[in-house]
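Each chain is listed here by its residues.
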Amino acid sequence: MSSSKKSIEKKQPKKELFLGVKGMSDILPKDADLWKYVWQVGHTTSEVHDFHYIETPIAESAGLFETTVGVATDIVEKQMYVFTTKGNDRLTLRPEGTAPVMRSYLEHHLGYFASPLKVYYYGPMFRYEKPQAGRERQFHQWGFEIIGDSDPFYDAEIIRTSIDFFRGLKCKSLIVKINSIGCRTCRASYRESLKRFYHSKKDKLCENCVNRYDKNPLRLLDCSEEGCLTLRADAPLILDYLCQTCNTHFKAVLELVEDNGIPYEMDPYLVRGLDYYNRTVFELYSTSLKSAVGGGGRYDYLAEALSGRSVPAVGVALGMERVIHVLRAEEIVPHLKPRPKIFFAAVGDQAKKASMRLMGDIRMSGVVVVEALSKKSLKSQLKAADKARVPLALILGQQEVFEGTILVRDMQSGAQESILSAKLVDEIKKRLRP
Ligand code: AMP
């Protein structure tokens, strides 16, 4: 290379690397087993409880959440990723999964499929929050929804299914915090009484709560500012305002929760941030994480806000990142059933070319095949086979390709045997049999 060429290369500016978006994380291969474990337990739990999988797109009309989640909520006021498309549609990345599922239920008349309809979903949600431990801008939720029945049986069924998810994961630190926020009628008188209580104390509330006072006074109860917490201690409690029907409903839910041996505690201040909840509201709380890992409740008014039709429903959303934190905090090691695994070594161009077809056939029989074909020599490939801790290695050279054979090496004893490559899959299955 000439010296002038060298100096041109040196002067080229270093390319700056694109980094991931703030508050949105990669799931890296080192954490894949934990995530796969959660997915596996999640799907099994959902299916044994007879929930059907549903998936909605990550973008929806912004209005879907503005009408349902409530204008006076943090999600709608501050946290949505709203954008306008080239076709002038005002969309948002979904901040939560319940409103989209109800949108889909109404759009596709899913009530004809089953009543009540039991569905589960999994996927990323987006909220423009201040990123911190346990709070991200993209996070994943696993949700269960039972749509079309107001029976307290289904409130308890949602709670039982969520707890079984954690039991399936072998988590021990989960308890349910539960409350009832009544219906339109009893909640209205509670709201008034709450406003009366806070009226003379407005100057002691934090700035956020002063704003919430008129729009959404129930939210004053879930503020974590010290001053607001102190005031809250003397606030009226919703349970004293429940009407007869809401009271009976709540008692029935609690009886079922007790019957199922689910650890729970009453939390009279639990109101949940979203507008569409009524009656039962609950959180799944991890005592080892000291944080909520999921939340849910009954949302009988959501369908009405969207379509004018009354469709009672109940559901829950579990935050997967926090579930992973619980697994780590409780030092739970994923129990994933390992697949049988073999190593494929090929030497020479012909053998390398033939290896793709042969490896593909073995893989299709359910066996994991690993290779290190970028290493040219047999010695270095076999070294990689040692590292991969496989029981069997297959060795293909020029001669074997020509003869239609392949060498099978027992990695423990080092014994090798030549077999016909046409019989390879059957032979491997025989040898890997426990
Ligand atoms: P929500 O939809 O607000 O009721 O939240 C239900 C669950 O989702 C929470 O208990 C968390 O586990 C999880 N979650 C909510 N927001 C976030 C976030 N910003 N980052 C991580 N997890 C979240």
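Just above, that's the structure.
(A) Up close: the pairing of strand β10 (residues 291-298). Burial analysis of β10 places eight of its eight residues in the buried class, the great majority of the element. Of the strand pairs in this sheet, strand β9 (residues 278-286) and β10 are connected by seven bridges, and their pairing is antiparallel. From the neighbouring strand, E283 faces β10, where its bridge partner is G295. Between β9 and β10, which pair antiparallel and follow one another directly, the connecting turn spans four residues, one of which, K290, has a positive phi of 55°.

(B) Main features of helix α14 (residues 378-387). Residues of α14 that are buried include every one of Q381, L382, A384 and A385, and no others. One side of α14 holds all its buried residues, which, seen down the axis, span an arc of 155°. Opposite the buried face of α14, at more than 90 degrees from it, the exposed residues are K379, K383, D386 and K387. Each element contacted by the buried residues of α14 is listed here: β12 (341-346), β14 (392-396) and β15 (405-410).

(C) Layout of the pattern of salt bridges. Here the structure, examined in full by the defined rule, presents 22 salt bridges. E77 is the partner of K215 in a salt bridge, and the nearest nitrogen-oxygen pair spans 2.9 Å. Placement of K215 in helix α8 (residues 207-215) and of E77 in helix α4 (residues 74-79) is noted, with a sequence separation of 138 residues between them. Put simply, K195 and D214 hold a salt bridge, and the shortest N to O gap is 3.5 Å. Here K195 is found in helix α7 (residues 184-199), whereas its partner D214 is found in helix α8, with 19 residues between them in sequence. Connected through shared salt-bridge partners, D74, K78, R212, R219 and D222 make up one network.

Reading the values: the criteria
Residues numbered from 1 in each chain as written. Predicted model: local features only at pLDDT ≥ 70, side-chain atom pairs only at ≥ 80, totals over all residues. Heavy atoms only, no water. Buried < 20%, exposed > 50% of the residue type's maximum accessible area, 1.4 Å probe, protein only. Helix = DSSP H or I, 4+ residues; strand = E, 2+ residues; numbered from the N terminus. Pairing = 2+ DSSP bridges. Arc of directions from axis to C-beta. Contact = heavy atoms within 4.5 Å. Salt bridge = Lys/Arg side-chain N within 4 Å of Asp/Glu carboxyl O.

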